[in-house]
Amino acid sequence: MDAIQQHMIDSYRAAQRGELPPPLPGRHDWGVVREARERRRFEAVIAGRPAYGRRWAALRSLLGKLGKLGRSGKSRKSGKSGKLGKCRPSGA
């Protein structure tokens, strides 16, 4: 049984009982996604971790590690740190 069929059964049952019909399937999906994201940010703050930019920081770290490795798998020596960051003008 899919969501539409279940909704039809629930709507019929609510009409028989004189109750309000349930909301349409998918009606509150984005609200649930927003609440989950806010909950994750809240838990990060409570745990003392940064609430924003965690994915980008992890990606920068991963790319930095991959950038240090050459094709042979050995670490290459270069003057650059391999870290990605915000682009700044050379005069600043």
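Per chain, residue numbering runs from 1 following the sequence as it is written. Residues qualify for local features only when their pLDDT is at least 70, as the model is predicted, and side-chain atom pairs are given and counted only at 80 or more; totals for whole chains, interfaces and linings, by contrast, use all residues. The basis for the side-chain values is all heavy atoms of the structure; hydrogens and waters are excluded.

**Quick notes on helix 1 (residues 3-17)**
Over its 15 residues, helix 1 runs 21 Å from end to end, which matches the ideal 21 Å to within 8%, given 1.5 Å per residue. Helical segments are the DSSP runs of H or I of at least four residues, strand segments are the runs of E of at least two, and each set is numbered from the N terminus. Directly after helix 1, the chain includes Gly 18, whose backbone phi takes a positive value near 80°. Here, expected helix span is obtained from the residue count minus one, scaled by 1.5 Å.

**Examining the environment of Arg 54**
With respect to the helices and strands, Arg 54 occurs in helix 3 (residues 54-68). Relative accessibility under 20% of the residue-type maximum defines a buried residue, over 50% an exposed one, and the middle range a partly exposed one, all with a 1.4 Å probe and only protein chains included. Take Arg 54: its relative accessible area is 37%, and that puts it in the partly exposed class.

**Some remarks on the confidence of the model for the protein chain**
On average, the protein chain scores 80 in pLDDT, and the residues at 70 or more come to 74%. Per residue, pLDDT captures the predictor's confidence, and it can take any value from 0 to 100. The least confident element of the protein chain, judged by mean pLDDT, is helix 3 at 82; the most confident is helix 1 at 95.

**A closer look at a nonpolar patch on the surface**
Only residues whose relative accessible area exceeds 30% and that form no salt bridge enter a patch; like-charged residues are grouped when within 9 Å of one another, and nonpolar side chains (Val, Leu, Ile, Met, Phe, Trp, Tyr) when within 5 Å. Each accessible area is a Shrake-Rupley estimate made with a 1.4 Å probe; only the visible protein chains count as cover when residues are assessed. The salt bridge definition used is simple: a Lys or Arg side-chain nitrogen within 4 Å of an Asp or Glu carboxyl oxygen. Residues Trp 56, Leu 59, Leu 62, Leu 63 and Leu 66 make up a contiguous nonpolar surface patch of roughly 510 Å² in combined accessible area. Note that Leu 62 resides in helix 3.

**Topic: the pattern of salt bridges**
In the structure shown here, the tally under the stated rule is three salt bridges. Here Arg 13 ties to Asp 10 by a salt bridge, and the two come within 3.6 Å at their closest N and O atoms. Highlighted residues: Arg 13 and Asp 10, both in helix 1, separated by three residues, approximately one helical turn. On the accessibility criterion, Asp 10 (25% relative accessible area) is partly exposed. In this structure, Glu 43 engages Arg 39 in a salt bridge whose closest nitrogen and oxygen atoms are separated by 2.8 Å. Of the two residues, Glu 43 and Arg 39 both sit in helix 2 (residues 29-46), four residues apart, roughly one turn of that helix. For Glu 43, a relative accessible area of 38% gives the class partly exposed. The exposure class assigned to Arg 39 is exposed, which follows from its relative accessible area of 51%.

**Structural notes on a positive patch on the surface**
Neither His nor the chain ends contribute to the count of charged residues, in which Lys and Arg are positive and Asp and Glu negative. The location of each charge is read from NZ of Lys, CZ of Arg, CG of Asp or CD of Glu. There is a patch of like positive charges on the surface, built from Arg 34, Arg 37, Arg 40, Arg 49, Arg 54 and Arg 55. If you list the elements that add at least two residues to the positive patch, you get helix 2 and helix 3. When residues in the positive patch are grouped by element, the largest group, three residues, is from helix 2.

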